[in-house]
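Letter by letter, the chains look like this.
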Amino acid sequence: MIGLVECECLIYNAASLKEKRAVLQRILMRLKQRFNVSVSETDFQDVWQRTKISIVAVSSSRVTTEQELQKALSLIDSFQRLNVPLQLLIGYKRVTQMNIRATRVGEQMKKEMGEILNRKIKDPRIGFVTVTDVQVSGDLQQAKVYISVLGDAEQRENTLKGLAKAKGFIRSEIGQRIRLRKTPEITFEFDESIDYGNRIESLLHEIKKESDDHQENE
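Predicted model, so just to flag it, every value in this text is computed and none were measured.

Rules of the game
Residues numbered from 1 in each chain as written. Predicted model: local features only at pLDDT ≥ 70, side-chain atom pairs only at ≥ 80, totals over all residues. Heavy atoms only, no water. Axes fitted to C-alpha atoms, helices over the stretch in contact; angles between N-to-C directions. Helix = DSSP H or I, 4+ residues; strand = E, 2+ residues; numbered from the N terminus. Parallel < 35°, antiparallel > 145°, perpendicular 65-115°, else oblique. Left-handed = near helix turned anticlockwise from the far one by under 90°. Contact = heavy atoms within 4.5 Å. Nonpolar A, V, L, I, M, F, W, Y, C, P; charged D, E, K, R; others polar. Salt bridge = Lys/Arg side-chain N within 4 Å of Asp/Glu carboxyl O. Buried < 20%, exposed > 50% of the residue type's maximum accessible area, 1.4 Å probe, protein only.

**Q** Help me understand the packing of helix H3 (residues 100-120) against helix H5 (residues 167-177), please; the structure alone is not making it clear to me.
**A** Packed helices, taken two at a time, are described by the angle between their axes plus the distance between the axes. In contact at an axis separation of 10 Å, H3 and H5 are set at 130 degrees when each is read in the N-to-C sense. Relative to H5, the element H3 lies oblique. Here H3 and H5 pass one another in a crossing that is right-handed. The residues of H5 that touch H3, namely those facing Met 109, Glu 112, Met 113, Glu 115, Ile 116, Leu 117 and Lys 120, are Phe 169, Ile 170, Glu 173, Ile 174 and Arg 177. The class makeup of the residues in the contact of H3 with H5 is seven nonpolar, no polar and five charged.

The structure is reproduced here in structure tokens:
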């Protein structure tokens with residue numbers, strides 16, 4: 001089993017990329033030394049107060065994989081209490097337990113799903129939909145499709161209702177495009193990471209503005 005978790009963190013007192021990387025290097029090294037995981041920075045490499053840390057664990061047991069990832073996450077969450085200037089931004093963090101076959105099916109479904117939703121579905125309730133992720137269960141029986149929708153709350157809800165009604169057609173289309181013994185049952189969920197990421201961008205902008213204003217007043 002392969003376990004993957006991605007989390008965004010705020011390195012709140014870093015005044016430069018050099019300071020950020022120094023703090024991040026200590027964190028990644030500690031994670032590698034204490035747990036049987038692979039760790040790396042996978043996004044925001046050129047942003048001085050923000051980072052995305054990806055942690056991967058591999059074992060023959062799903063329970064062991066999940067426990068190892070949870071220990072690593074707990075350590076990250078504890079850094080702030082240990083005077084390490086890092087805050088874990090928990091809002092859209094998802095731990096995905098998966099095998100290689102399920103991962104490949106999820107990637108195929110994501111590709112096909114985008115075309116089906118935007119070209120094949122004619123329900124006027126469904127707005128402009130972006131498929132951000134598809135998570136398939138290890139037995140390939142269930143597929144959770146994460147989406148973002150352009151528009152307000154009413155448009156989002158209408159889109160979800162339209163997708164629920166079209167679920168049978170969508171599943172049939174997937175079955176014709178991907179060769180599986182049984183097409184997974186499909187559920188749709190909003191990807192809250194999009195809104196959460198926007199809120200974090202706004203927060204970082206406010207922090208930078210306050211810092212600039214403070215420097216001007218000195």
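So, next bit.
**Q** Whenever I open this one, the pattern of salt bridges confuses me. Can you help?
**A** When the charged atoms of two side chains with opposite charge come close together, those side chains can pair. For the structure shown, the criterion picks out nine salt bridges. The shortest N-O distance in the salt bridge between Asp 46 and Arg 21 comes to 3.8 Å. In this pair, Asp 46 sits in the loop between strand S2 (38-43) and strand S3 (50-58) while Arg 21 sits in helix H1 (residues 17-34), placing the two residues 25 residues apart along the sequence. The exposure class of Arg 21 is partly exposed, given its relative accessible area of 43%. Between Lys 144 and Glu 189 there is a salt bridge; the shortest N-O distance is 3.5 Å. One end of the pair, Lys 144, is in strand S7 (residues 142-149); the other, Glu 189, is in strand S8 (residues 185-190), with 45 residues separating them in the sequence. Accessibility expressed as a relative area gives 33% for Glu 189, which makes it partly exposed. The network of salt bridges with shared partners includes Glu 112, Glu 115, Glu 173 and Arg 177.

By themselves, these figures tell us nothing about what the structure is for.
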